[in-house]
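Analysis of the macromolecular model
For reference, the chains in residue letters:
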Amino acid sequence: MAKLRVEDLVVAYGAVVAVRDVSFTVEDGEFVSLLGPSGCGKTTTLRCIAGLEGSSGGTIHLGDALMAADGRDVPPDKRGINMVFQSYAVWPHMSVFENVAYGLRIRREPTADVERKVGEALKLVGLDGFADRYGTELSGGQQQRVALARAVVTSPRLLLFDEPLSNLDAGLRDRMRFELVELQRRLGQTSLYVTHDQSEAMLMSDRIILMKDGRIVQSGTPRDLYERPASRFAAEFIGNANIAEATVIRSARDRTALAALPGNIAVEGHFSRSEDIRSSGSVLACIRAESIARVPPGGADLNTFDARVESVGFLGPQVTCTLKLGEVTLRAELPARNPPSVGESIRIRIAPEDVIIISEQ
Ligand code: ATP
């Protein structure tokens, strides 16, 4: 296992710059996700770290070893890095045992060691008993487990994952998310995971690196990104927030602020980051659907308002509602028990700690 250090990485395909000055680290044993919309450069970054794509500038270190510097790249098989792909890439004509043993055989490890290590790896991924099956005799989920066993069996210094769960059905994907993290923790394996699915990144990662247009726009723990988005993009991408334009009325150094939403609704909130605090001007107020609570009529606590219900949709444990507050339309998730009706006026409360003010238009 080793620490990964990427500094000022640039990848250009002719005039298309897919990755621009990307710098980040993954600590020894850490699980980090590259998250972002399609085309933001996350797969290119991952493939460049694996050595499957050439770099145009910057450096990549794994531990003390230099993997890429200013366009000179160490070949993939000399990096000590394994990758798990979305497409499983399990060889259909080989048995599960031979699929997993492949990397050990290339290294000419003694037969007894190969048998022991493959046995352990298959056990780790819950496939003991499947050693003699062929790739064609496995379900998608089982093939993904074979790919995982094949990736960990050679004890790589770094594991890379390129959307490895996105071909699985929803139920299996949910289970595999937990299993994969459990396995990574048990092995203490330094891991970099690419996904465009924010809930997957939130659930699995120690840290998330959020990318847009080839650049890193924000990074931090899942909680950091959820509670302190630095931009409209981060707020909308992580947790799908309501964003309203607002005007600052006053603010304090502890980040608390009072802002007016369109329709002259004054809300107490707090600036996402200290460096963004300002005492006047236009800002964005980020209010998450799950932080809007229905309270009894007449409630007069701070940030308590009357809102009109415009639509109600049943989700099971919750209803998703569209509410009109002043001139602002908000999506709210309320308990499904005693749901509001369309056209009704309800009393809502948004805790000041759940109103995040972002200093960006
Ligand atoms: P997705 O989730 O869709 O895979 P991504 O964030 O992983 O997206 P990349 O595959 O890294 O994005 O692509 C980043 C940008 O680089 C895109 O604009 C893409 O069109 C471009 N790109 C990728 N590979 C090549 C290539 N071989 N030649 C030219 N442009 C490329």
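Residues numbered from 1 in each chain as written. Predicted model: local features only at pLDDT ≥ 70, side-chain atom pairs only at ≥ 80, totals over all residues. Heavy atoms only, no water.

Describing the overall build of the protein
Looking only at helices and strands, the protein has 8 helices and 21 strands in total. Sequence separation of 24 or more characterises 66% of the internal contacts of the protein that already satisfy a separation of 6 or more. About 16500 Å² of surface is accessible on the protein, with carbon and sulfur atoms providing 48% of the total. (Helix = DSSP H or I, 4+ residues; strand = E, 2+ residues; numbered from the N terminus. Contact = heavy atoms within 4.5 Å. Areas by Shrake-Rupley, 256 points an atom, 1.4 Å probe, with all protein chains shown as cover.)

Overview of the site of the ligand
Close contacts around the ligand come from Y13, A18, P37, S38, G39, C40, G41, K42, T43, T44 and E163, and that covers them all. Here an oxygen atom of the ligand and a backbone polar atom of C40 are 3.0 Å apart. At a separation of 3.0 Å, an oxygen atom of the ligand approaches a polar backbone atom of G41. When the free accessible area of the ligand is taken as 630 Å², the share hidden by the protein chains comes to 57%. Counting residues per element, the shell around the ligand draws most heavily on helix α1 (residues 42-50), at 3 residues. Taken together, the residues of the shell around the ligand break down into 4 nonpolar, 5 polar and 2 charged. (Near = heavy atom within 4 Å. Polar contact = N/O pair within 3.5 Å; in protein donor to acceptor, adjacent residues only side chain to side chain. Nonpolar A, V, L, I, M, F, W, Y, C, P; charged D, E, K, R; others polar.)

Some points on empty space enclosed by the protein
This structure, assessed with the given rule, holds 1 cavity of 30 Å³ or more. The space that makes up the largest cavity amounts to roughly 40 Å³. Lining the largest cavity we find L148, V152, L159, F161, L180, L183, Q184, L187, Q189 and S191. For the lining of the largest cavity, the secondary-structure elements that each account for two or more residues are α4 (140-152), β8 (158-162) and α5 (170-187). Ranked by residue count, the leading element in the lining of the largest cavity is α5, at 4 residues. (1 Å grid on protein atoms, 1.4 Å probe; cavity = no way out; pocket = protein on both sides within 12 Å on 5 of 7 lines; lining within 4 Å. Points joined across faces, edges and corners; volume = space filled by probe spheres on them.)

What to know about the domain arrangement of the protein
According to the domain assignment, the protein contains domain 1 (4-227) and domain 2 (236-358). One C-alpha centre belongs to domain 1, the other to domain 2, and the line joining them spans 39 Å. At the interface, 10 residues of domain 1 touch 7 residues of domain 2. Regarding the contact of domain 1 and domain 2, the summed buried area is about 760 Å², with carbon and sulfur atoms giving 66% of it. (Domains from an automatic or database assignment. Buried area = accessible area lost by both parts, 1.4 Å probe.)

Some thoughts on the sheet that holds strand β1 (residues 4-13)
Read from one edge to the other, the open sheet built from 5 strands follows the order β2-β1-β4-β5-β6, with strand pairing classed as antiparallel. Among the strands making up the open sheet, the edge pair consists of β2 (16-26) and β6 (72-73). The sheet strands contacting α1 are β1, β2 and β4 (57-62), and the helix crosses β1 at an angle near 115°. (Pairing = 2+ DSSP bridges. Axes fitted to C-alpha atoms, helices over the stretch in contact; angles between N-to-C directions.)

Describing the sheet that holds strand β7 (residues 81-84)
Taken together, the 6 strands give an open sheet; going across it, the order is β7-β8-β9-β3-β10-β11, and neighbouring strands pair in mixed fashion. Of all strands in the sheet, those bounded by a partner on one side alone are β7 and β11 (215-220). Averaged over all neighbouring strand pairs, the angle between strand axes comes to 20°, with direction disregarded. Bridging between strand β3 (residues 31-35) and strand β10 (residues 207-212) involves 4 bridges; their strand directions are parallel.

Some points on α4
In this model α4 runs 19 Å from its N-terminal to its C-terminal C-alpha over 13 residues, within 8% of the 18 Å that 1.5 Å per residue would give. Counting buried residues along α4, 11 of its 13 residues qualify, which places the element largely inside the surrounding structure. Within the sequence span of α4, burial applies to G141, Q143, Q144, R145, V146, A147, L148, A149, R150, A151 and V152. Among the structural elements, β7, α2 (96-106), α3 (111-124), β8 and α5 are those in contact with the buried residues of α4. (Expected span 1.5 Å × (residues − 1). Buried < 20%, exposed > 50% of the residue type's maximum accessible area, 1.4 Å probe, protein only.)

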